[in-house]
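Given next are the chains, with one letter for each unit.
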Amino acid sequence: MHNRNWKLIYGSYAGMEKKAIELINKEMGALLLRDPGRYTIHVLPLEQAAEAEIDRNAVVVGLCDEIPLLSRLVSPEEIPEGGYLVKAVDNPVLPGCKLVLVTAWEGRNLFYGAVDLVDDYFALAAPEHGPVKLYDEALDGPMPDYYSASAPAIQTRSVFTWGHPINDYRDYIENMARLRLNQLIIWNDFPPINAADVVAYAHEYGIQVIWGFA
């Protein structure tokens, strides 16, 4: 039986903050909103911070200076320059529940914090059954404390590719962002007809595009 006593609290639903919220919502939804082999409907509440109550386990995601709860529980020194902080602590007003804080000073780093949450913290929380880690049960039981404050050592993190193997540029760019890459070098024989769309979508994820042509 899943522990569905969770909600997602956010600051602003725009730009890369929106991308961070969408990623967390997608990954938490995959863990919480389905019962294998049954047709069921469950809801993961998504609430704006100004109107949210901390009445259950909660993931709080937003820029540190935009959400008063983050300002109370996070000191500015905890967020590294050019980086993010993910911290899971006991809910100070609700014993037995957790607050998971995902924060940064700007949107792109907040997205990287969301990646840390879903790829690292949820994996850490997944129970083990012998040699097997049960990732589908990551949110079922009590969540562990967690602290991850990280910033990239390399500022430009690029990948080079020929243009023709990219079957879905949206998936390609989304996977790049999840790997925390921020520059895409694409080589084509001729400018692709959807070049402007590719660039615009990459910019939504904070990724610079450099074109190369024969």
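Owing to the predicted nature of the structure, the values given are computational and were not obtained by experimental measurement.

**What about the packing of aromatic side chains?**
The final tally for this structure, using the stated rule, is 10 aromatic pairs. Each ring, one from Tyr 121 and one from Tyr 146, has its centre 4.8 Å from the other, and the planes form 35°; the classification is tilted. Placement of Tyr 121 in helix H3 (residues 107–125) and of Tyr 146 in strand S8 (residues 146–150) is noted, with a sequence separation of 25 residues between them. For Tyr 146, a relative accessible area of 16% puts it in the buried group. Between the aromatic rings of Phe 160 and Trp 162, the centroid separation amounts to 5.7 Å while the plane-to-plane angle is 75°, which identifies the pairing as edge-to-face. With relative accessibility at 46%, the residue Phe 160 sits in the partly exposed group. With relative accessibility at 44%, the residue Trp 162 sits in the partly exposed group. Among the aromatic residues, ring-to-ring pairing joins Phe 111, Tyr 112, Tyr 169, Tyr 201 and Tyr 205 into one connected group.

**Overview of the environment of Leu 63**
Residue position: Leu 63 is located in strand S3 (residues 57–63). Separated by 46 residues in the primary sequence, Leu 63 and Asn 109 have C-alpha atoms spaced 9.4 Å apart.

**Observations regarding H3**
If you check H3, its first and last C-alpha atoms are 26 Å apart, about what 19 residues at 1.5 Å a residue would give, namely 27 Å. Of all the bends in H3, the greatest measures close to 30° and is centred on Leu 117. Of all 19 residues that make up H3, 15 are buried, and the element is covered over most of its length. Where H3 starts, the residue carrying a side-chain oxygen 3.1 Å from the main-chain nitrogen of Arg 108 turns out to be Glu 106.

**Some details on the pattern of salt bridges**
For side chains of opposite charge, pairing can occur when their charged atoms come near one another. Tallying each qualifying case throughout the model produces 11 salt bridges. Across the pair Arg 178 and Glu 27 runs a salt bridge, and its minimum N-O distance is 3.0 Å. In this pair, Arg 178 sits in helix H4 (residues 169–178) while Glu 27 sits in helix H1 (residues 15–32), placing the two residues 151 residues apart along the sequence. If you follow the salt bridges from partner to partner, you end up with Lys 7, Glu 47, Asp 55 and Arg 56 in one network.

**Observations regarding a nonpolar patch on the surface**
A surface patch of nonpolar side chains, amounting to about 330 Å² of accessible area, comprises Phe 160, Trp 162 and Trp 187. For Phe 160, the location among the structural elements is in strand S9 (residues 158–162).

**Examining the sheet that holds strand S11 (residues 208–213)**
A sheet is described by the order of its strands in space; here 3 strands give the open sequence S9-S10-S11, paired in parallel fashion. Where the open sheet ends on each side, the last strands, each with one partner, are S9 and S11. Pairwise comparison of adjacent strand axes, ignoring direction, gives a mean angle of 20° for this sheet. Bridge count for strand S10 (residues 183–188) against S11 is 6 bridges, and the pairing is parallel.

**Describing the nonpolar core**
With 50 residues, the main nonpolar core has Leu 117 and Phe 122 as its most contacted residues. What Leu 117 contacts, discounting residues up to four positions off in sequence, is Ile 24, Val 59, Val 86, Val 100, Val 102 and Phe 122. The next biggest cluster of nonpolar side chains, apart from the first, holds 12 residues, and it includes Val 60, Leu 70, Leu 85 and Leu 101.

Cut-offs used in this document
- The residue numbers shown here count from 1 along each chain, following its written sequence.
- Two thresholds apply to this predicted model, a pLDDT of at least 70 for residue-level local features and 80 or more for giving and counting side-chain atom pairs, whereas whole-chain, interface and lining totals are computed over all residues.
- Side-chain numbers here rest on the full set of heavy atoms in the structure, without hydrogens or water.
- Here is the rule: rings of Phe, Tyr and Trp (six-membered ring for Trp) pair when centre to centre is within 6.5 Å. Planes less than 30 degrees apart are stacked, more than 60 are edge-to-face, and the remainder are tilted.
- Strands here are runs of E lasting at least two residues and helices are runs of H or I lasting at least four, both read from the DSSP assignment and numbered beginning at the N terminus.
- Three labels apply to residues, based on accessible area from a 1.4 Å probe with only protein chains included: buried if under 20% of the type maximum, exposed if over 50%, partly exposed otherwise in between.
- Here a helix's expected span is defined as the number of its residues, less one, multiplied by 1.5 Å.
- Note on bend: the value at a residue is the angle between axes fitted to the seven residues ending there and to the seven starting there.
- Under the rule applied, a polar contact is a pair of N or O atoms within 3.5 Å (in protein, one hydrogen donor and one hydrogen acceptor; residues adjacent in sequence only if both atoms are side-chain atoms).
- Any carboxyl oxygen of Asp or Glu within 4 Å of a side-chain nitrogen of Lys or Arg constitutes a salt bridge here.
- The patches described consist of residues with a relative accessible area above 30% and no salt bridge, like charges being joined within 9 Å and nonpolar side chains (Val, Leu, Ile, Met, Phe, Trp, Tyr) within 5 Å.
- Accessible areas in this description were obtained via Shrake-Rupley with a 1.4 Å probe; residue shielding takes into account the shown protein chains only.
- Any two strands between which DSSP finds at least two bridges are classified as paired.
- Comment: axis = line fitted to C-alpha atoms, over the contacting stretch for helices; angle = value between 0 and 180 degrees taken between N-to-C directions.
- Nonpolar core, defined: a set of buried Ala, Val, Leu, Ile, Met, Phe, Trp, Tyr and Cys residues in which side-chain atoms within 4.5 Å join the residues together.
- Contact definition: two residues touch when any of their heavy atoms are within 4.5 Å.

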